[in-house]
Amino acid sequence: MNVKGLDYAALAIAIIGAINWGLIGLFQLDLVAFLFGNMNLFSRIIYAIVGVCGLYLISLFVRGNKMKEA
């Protein structure tokens, strides 16, 4: 997978995570816990993947700012 594909995959996962946080804030509905169980191993892995994708997307901003400067 090239970097652009990884960027899009990470962005899609982060957006899904943001939608989940919106559902928690608006309706007190944790979709991950609803679908996969409350803090079992699988749901913890999903939360970790969303977090890692969010951290990875920081590099998108850094790369974007470098392109603007060039």
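Before any of the text, the structure's been laid out above.
Criteria and cut-off values
Residues numbered from 1 in each chain as written. Predicted model: local features only at pLDDT ≥ 70, side-chain atom pairs only at ≥ 80, totals over all residues. Heavy atoms only, no water. Salt bridge = Lys/Arg side-chain N within 4 Å of Asp/Glu carboxyl O. Helix = DSSP H or I, 4+ residues; strand = E, 2+ residues; numbered from the N terminus. Buried < 20%, exposed > 50% of the residue type's maximum accessible area, 1.4 Å probe, protein only. Expected span 1.5 Å × (residues − 1). Contact = heavy atoms within 4.5 Å. Polar contact = N/O pair within 3.5 Å; in protein donor to acceptor, adjacent residues only side chain to side chain. Axes fitted to C-alpha atoms, helices over the stretch in contact; angles between N-to-C directions. Parallel < 35°, antiparallel > 145°, perpendicular 65-115°, else oblique. Left-handed = near helix turned anticlockwise from the far one by under 90°. Nonpolar A, V, L, I, M, F, W, Y, C, P; charged D, E, K, R; others polar.

Evaluated as defined, the whole model comprises one salt bridge. Between Arg63 and Asp7 there is a salt bridge; the shortest N-O distance is 2.8 Å. Highlighted residues: Arg63 in helix H3 (residues 41–69) and Asp7 in helix H1 (residues 3–27), separated in sequence by 56 residues. A residue is classified by how much of its surface remains accessible, and Arg63, at 28% relative accessible area, is partly exposed.

Owing to its 3.6 residues per turn, the α-helix aligns residues three or four sequence positions apart on the same side. For H3, with 29 residues, the first-to-last C-alpha span of 43 Å sits near the 42 Å given by 1.5 Å per residue. Among all positions in H3, only Ser43, Ile46, Cys53 and Leu57 are buried. Buried residues along H3 sit in contact with H1 and helix H2 (31–36). For H3, the side-chain oxygen to backbone nitrogen distance between the N-cap and Phe42 is 3.2 Å, and the N-cap itself is Asn40.

Here we come to unusual backbone geometry. Phi angles above zero are rare outside glycine, and Gln28 is one such case at about 55°. Checked against the element boundaries, Gln28 lands in the loop between H1 and H2.

Moving on, we come to the environment of Ala12. Within the fold, Ala12 resides in helix H1. Residue class for Ala12 comes out partly exposed when judged on its relative accessible area of 38%. As a C-alpha pair, Ala12 and Val50 span 38 residues in sequence and 9.6 Å in three-dimensional space.

Turning our eyes to something else, we now look at the packing of H1 against H3. In the contact formed by H1 and H3, the axes pass within 8 Å of each other and the chain directions differ by 125°. One element, H1, and the other, H3, form an angle in the oblique class. Between H1 and H3 the crossing geometry is left-handed. Contact residues: Val3, Leu6, Asp7, Ala10, Leu11, Ile13, Ala14, Gly17 and Asn20 in H1; Tyr47, Ile49, Val50, Cys53, Tyr56, Leu57, Leu60 and Arg63 in H3. Residues belonging to the contact of H1 with H3 are distributed by class as follows: 13 nonpolar, two polar and two charged.

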